[in-house]
Structures are given as C-alpha cells and as structure tokens.
Amino acid sequence: MREFFGFGGYERAAEGFLSWQHLAFVGTLLTAMVVLAVVLGKANKHKDLKEKNKVIIWSALLIDIIEIFKIVIFCIRSNSVESILYDLPLFLCSIQLIALPLAAFSSGRIKEAALDFVCIFGILGAVFGTIGAGQNYAAYPVMSIDNVVSGITHSISGFASLYILFARMASMRRKNIWVTIGILSVFCVAAYIVNVIIDYNYMFLMAGDGTPYDIVYNLVGGNRILYPLLVVALFYLYIGIYYYLFYLFKKKNNVNILEIIEKEEATL
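The text that follows walks through the structure, step by step, so that each part is easy to find. Please read these numbers as outputs of a predicted model, since none were measured by experiment. Sequence order as written defines the numbering, with residues in each chain counted from 1. Given that the model is predicted, a residue must reach a pLDDT of at least 70 before its local features are reported, and side-chain atom pairs must reach 80 or more before they are shown or counted; all residues, however, enter totals for whole chains, interfaces and linings. Processing note: side-chain calculations cover all non-hydrogen atoms of the structure and skip hydrogens and water entirely.

Before going further, it helps to examine the overall build of the protein chain. Secondary structure elements follow DSSP: runs of H or I no shorter than four residues count as helices, runs of E no shorter than two count as strands, and numbering proceeds from the N terminus. Counting its secondary structure elements, the protein chain contains eleven helices and zero strands. Going residue by residue from the N terminus, the α and β elements of the protein chain occur as α-α-α-α-α-α-α-α-α-α-α. Using C-alpha atoms as the atom set, the radius of gyration is obtained and then compared with a globule rule of 2.2 Å times the number of residues to the power 0.38. Over its C-alpha atoms the protein chain spans a radius of gyration of 19 Å, differing by no more than 12% from the 18 Å that the globule rule assigns to 268 residues. Projecting the C-alpha coordinates of the protein chain onto the three principal axes gives extents of approximately 55 × 40 × 35 Å. The contact rule is simple, with two residues in contact once any of their heavy atoms fall within 4.5 Å. Sequence separation of 24 or more characterises 76% of the internal contacts of the protein chain that already satisfy a separation of 6 or more. All accessibility values rest on the Shrake-Rupley procedure with a 1.4 Å probe; residue burial counts only the protein chains present in the view. With an accessible surface of roughly 13,400 Å², the protein chain has 70% of that area assigned to carbon and sulfur atoms. The positive charge centre, built from 21 side chains, and the negative charge centre, built from 19, are 12 Å apart in the protein chain. Under this rule, positive means Lys or Arg and negative means Asp or Glu; His and the chain ends count for nothing. To locate a charge, take atom NZ for lysine, CZ for arginine, CG for aspartate or CD for glutamate.

Laid out in structure tokens, this is it:
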C-alpha cells in the first residue's frame, strides 16, 4: 500500500509511456467506459429525464469523491497543504469536476449547457488523459495512485460524455455554443494566470509536457505567446467540429434531439 500511494517515493521504475502495461491498463479502462456507456445509454434512452439523470448523478459523485480522496492523499504524501495549489481543477479534463455536478444537479439552461459541455469535452479528456498522458506514465508506475486515479476520473468523464449521447440527453442547441466557449475561456484565463503565479502548466498552456500538445509547442518553437493562443484556438476549433458532426449525424439519421428533450421536460 505504501508503494501504491507513493509515500516516501516510488521504488519501482515507471514502465513508460506506451509500454504494454500502460496500454493494457488504459485499454481496460476505455473498454469498460465504452461498454457501460452504450449499455446504460441504450437501456435508458426511452426513459424520462429524471431516470436518465440518475446515471449522471452517480458519475458526478464518483468523480468528485475520488478526486478529493486523491488530493487529500497528495497533501499527506507531500506533508504540505500548499501542494493543493498543484491539484486545482484547472486542466481541461478537470473542468468536468465542476461541469458534471452542474449537469447532474442543476436545471434549465444551466443543466442543458452543462450536459453539452460534458458531452463535448468528456470523450476528448478520456482519450488524452489515458492514452495520451505521456507525462504521467513516463513519471509514475502504472499501478500507482497518480495513474490509477487519473485513469479512472478521465474514464468517468468519457463515460458520461458517451452516455449523454446514447441516452439522448445532449441538446446541442446552437445558442449554447457561446456558453460552452465562455466556460472554457474563463478556465483558460484562470489557468494561465495561476501558471504564471506558481510556475505550473495547467491546461498545458505553458508546454506540452510529453502530451500531443508538444506538436504545437515544437511547431512554434515554444513561443510563450503563440503557443497558448494556438492551444486555446484548437479548443475552439474542436467545439466547432463537434457541433458540425453532431448536426450532420442528426440530419443523416433524421433524429430530432431537441423535440425528444422538450417532450421529456414537459413530463417532469
């Protein structure tokens, strides 16, 4: 247990990014994530919004409880409360710690926008935070709290994202795209300010740190202005592409998601 939690430092060497241990672990997580999302999403697809929302509530509770547990362990491990400054929910994936509870427990347009936000960014975070987490798997053993908790919380985000799609809970109203962009922009600005103050790399706005963002970082030669601007621009581009593909799929399959959601809301 001491070795799993890393008290006193890890004696085991990190197996490494894209090692068979890394791929086996995240492959298991992602498989479970997809299977559960598809099965539960399809099972609840025709139920009312209240029933569908129970899965989102459990997802929100689990992701926050597990993350809080990790932060407490990290503070104990470092013997410093100040270490919490380096575990703030200011990574792109960490926004789900706030967005998922909003999606679960709010109502009206706030709930609608939160569900859309989780739907858009949950799956992206799941892939980048598991398969693409080069900085974690190069630094810590696969079976350690650093990687296990990160893998689980990112998979919960991906699960919620897919579940929202399969259960037909995403409205993706065009007017909500500005809410999504607004939420993302606020977190990006906050992350950049904190990065400058404590010399950290939230949202990977300062460097790629072994993630796919390294491609952008190397492309601009590590320019301190161009690099973060391009990273944020990629976030906005991703939102646009996601909306485009969502409406393309809806048109192709003749699915009126808004009509389904409005009927469900009227029954509550």
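Looking now at helix H4 (residues 96-105). Counting buried positions along H4 gives seven out of ten residues, so the element sits mostly inside the fold. Under the scheme applied here, a residue whose accessible area is under 20% of the maximum for its type counts as buried, over 50% as exposed, and between as partly exposed, the area being computed with a 1.4 Å probe on protein chains only. Those residues of H4 not exposed but buried are Gln 96, Leu 97, Ala 99, Leu 100, Pro 101, Ala 103 and Ala 104. Taken together, the buried residues of H4 touch helix H3 (49-78), helix H5 (108-128) and helix H7 (145-166).

Here we take up the packing of aromatic side chains. Ring geometry is summarised as follows: Phe, Tyr and Trp rings, the Trp one being its six-membered ring, pair when their centres sit within 6.5 Å, and such pairs are stacked at plane angles under 30 degrees, edge-to-face over 60 and tilted between the two. Summed over all chains, the structure comprises 18 aromatic pairs. Both rings, one in Phe 91 and one in Tyr 200, keep their centres 6.4 Å apart while their planes meet at 65°; by these two values the pair is edge-to-face. You can see Phe 91 sitting in the loop between H3 and H4 and its partner Tyr 200 sitting in the loop between helix H8 (177-198) and helix H9 (213-219), a full 109 residues away along the chain. For Tyr 200, a relative accessible area of 29% corresponds to the partly exposed category. Three or more aromatic residues joined by ring pairs form one cluster here, namely Tyr 86, Phe 91, Phe 128, Tyr 200, Tyr 202, Phe 204, Tyr 213 and Phe 235. Any Lys NZ or Arg CZ that is within 6 Å of a ring centre and within 35 degrees of that ring's normal is treated as a charge sitting over the ring. Seen from the ring of Tyr 247, Arg 174 lies directly overhead, with NZ or CZ sitting 4.1 Å from the centre.

With 22 residues, H8 should cover 32 Å at 1.5 Å per step; its first-to-last C-alpha distance of 32 Å lies within 8% of that length. When H8 is considered as a whole, its buried residues turn out to be Ile 177, Thr 180, Ile 181, Leu 184, Ser 185, Phe 187, Cys 188, Ala 191, Val 194, Asn 195 and Ile 198. Asp 199 occupies a position one or two residues after H8 and carries a positive phi of about 55°. A helix is expected to reach a length of 1.5 Å times the quantity of its residues less one.

In short, geometric facts, not functional conclusions.
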